[in-house]
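Results of the structural survey
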Amino acid sequence: MKYLKMSRWSPYVVGTGLGILSWITFGFMGKALGTSTTFVRWAGLIESIFSIEHVTGNPYYVKYLVDKPALDWQMMLVIGLPIGALISALLSRSYQPEDVPSLWKWRFGASRLVRYAGAFVGGFLVLFGSRMAGGCTSGHGISGGLQFSVSSWVFFISFFASGIVTAFVLFGKEGQRHV
């Protein structure tokens with residue numbers, strides 16, 4: 001129970017846990033650990049309400065939706081991630097709601113609307129890029145990286161490199177004083 005109340009865990013413990021979870025995922029589901037496919041399924045399911053013909057005629061949706069359960073383990077993982085994060089924050093007593101982080105406030109002002117719009121655009125770009133790359137940071141970075149997949153290592157290195165460049169473009173060297 002002591003580990004559950006810690007605000008930061010050892011990266012070795014977390015890495016080992018992710019490795020074991022990946023084994024379980026491959027062993028029982030025959031699939032890599034990942035989450036971005038869930039958003040394709042959600043989009044297809046929502047779109048099928050309005051035009052089932054479009055969804056069943058779209059090869060991209062057919063690949064991920066047709067003859068597949070609407071609610072699968074990946075969708076439960078996506079639903080469980082924020083719930084688990086909240087439980088962890090509450091148990092460790094590190095839960096601190098924050099609409100506009102101090103670094104963002106320093107650089108772009110205190111507007112919640114601007115902050116939410118920035119987060120939405122950033123999240124959209126990461127998700128779009130993940131789907132273009134055929135997987136998300138967990139799919140490529142964890143599962144693909146564990147398998148020494150060259151495309152996954154290229155994705156993961158590119159993801160971190162572009163994150164560093166983006167941080168410098170948005171916040172510069174001066175931004176480190178406001179973290």
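Model, not experiment: these values are computed from the prediction.

Parameters at a glance
Residues numbered from 1 in each chain as written. Predicted model: local features only at pLDDT ≥ 70, side-chain atom pairs only at ≥ 80, totals over all residues. Heavy atoms only, no water. Helix = DSSP H or I, 4+ residues; strand = E, 2+ residues; numbered from the N terminus. Buried < 20%, exposed > 50% of the residue type's maximum accessible area, 1.4 Å probe, protein only. Lys, Arg positive; Asp, Glu negative; His and termini not counted. Charge placed at Lys NZ, Arg CZ, Asp CG, Glu CD. Contact = heavy atoms within 4.5 Å. Axes fitted to C-alpha atoms, helices over the stretch in contact; angles between N-to-C directions. Parallel < 35°, antiparallel > 145°, perpendicular 65-115°, else oblique. Nonpolar A, V, L, I, M, F, W, Y, C, P; charged D, E, K, R; others polar. pLDDT = per-residue confidence, 0-100. Phe/Tyr/Trp six-rings, centres within 6.5 Å; stacked < 30°, edge-to-face > 60°. Expected span 1.5 Å × (residues − 1). Polar contact = N/O pair within 3.5 Å; in protein donor to acceptor, adjacent residues only side chain to side chain.

Examining the overall build of the chain
Helices and strands together make up the secondary structure of the chain, namely 9 helices and 0 strands. Starting at the N terminus and walking to the C terminus, you meet the elements of the chain as α-α-α-α-α-α-α-α-α. Overall, the chain is about 50 × 40 × 35 Å in size when its C-alpha atoms are taken along their principal axes. Here the chain holds 179 residues, and the buried ones make up 23% of them. Side chains of the chain carry 15 positive and 7 negative charges; the gap between the two charge centres is 13 Å.

A short note on unusual backbone geometry
In terms of backbone geometry, most residues other than glycine have negative phi values and most peptide bonds are trans. Phi at R93 is positive, roughly 60°, even though this residue is not glycine. Tracing the backbone through its elements, the reader meets R93 in the loop between α5 (73–91) and α6 (102–108). Of note in this structure, F148 is not a glycine but carries a positive phi near 55°. Residue placement: F148 occurs in the loop between α8 (137–146) and α9 (150–171).

Observations regarding the side chain of S152
Along the polypeptide, S152 turns up in helix α9. Residue S152 is classed as buried on the basis of its relative accessible area of 4%. Not counting residues up to four positions away in its chain, the partners in contact with S152 are H140, G144 and G145.

Section: the packing of helix α1 (residues 11–29) against α8
Between α1 and α8, the least distance of the axes is 10 Å, while the angle of their chain directions is 80°. In this view, α1 runs roughly perpendicular relative to α8, as classed from their interaxial angle. Every residue of α8 that contacts α1 at L18, G19, S22 and F26 is listed here: I142, S143 and L146. Here the residues of the contact of α1 with α8 are counted per class, giving 4 nonpolar, 3 polar and no charged.

Regarding the confidence of the model for the chain
Across the chain, the average pLDDT comes to 86, with 100% of residues at or above 70. Of all helices and strands in the chain, the one with the weakest mean pLDDT is α8 (80), whereas α6 scores best (92).

Topic: the packing of aromatic side chains
What the rule picks out here adds up to 8 aromatic pairs. Ring geometry for F108 versus F171: centroids 6.0 Å apart, planes at 75°, classification edge-to-face. One end of the pair, F108, is in helix α6; the other, F171, is in helix α9, and 63 residues separate them in sequence. Relative accessible area serves as the criterion here: at 30%, F108 is assigned to the partly exposed category. Here a set of aromatic residues connected by ring pairs shows up, and it is made of F155, F156, F159 and F160.

As for helix α2 (residues 36–50)
A rise of 1.5 Å per residue sets the reference length of α2, with its 15 residues, at 21 Å; its end C-alpha atoms lie 23 Å apart and thus fit the reference within 8%. The set of residues buried in α2 consists of S36, T37, T38, V40, R41 and G44. The elements touched by buried residues of α2 are α3 (52–56), α4 (59–64), α5 and α7 (112–132).

Looking at the environment of N58
In this fold, N58 is placed in the loop between α3 and α4. The spatial distance from the C-alpha of N58 to the C-alpha of G44 is 9.6 Å, given a sequence separation of 14 residues. There is a polar contact of 2.9 Å between the side chain of N58 and the backbone nitrogen of Y60.

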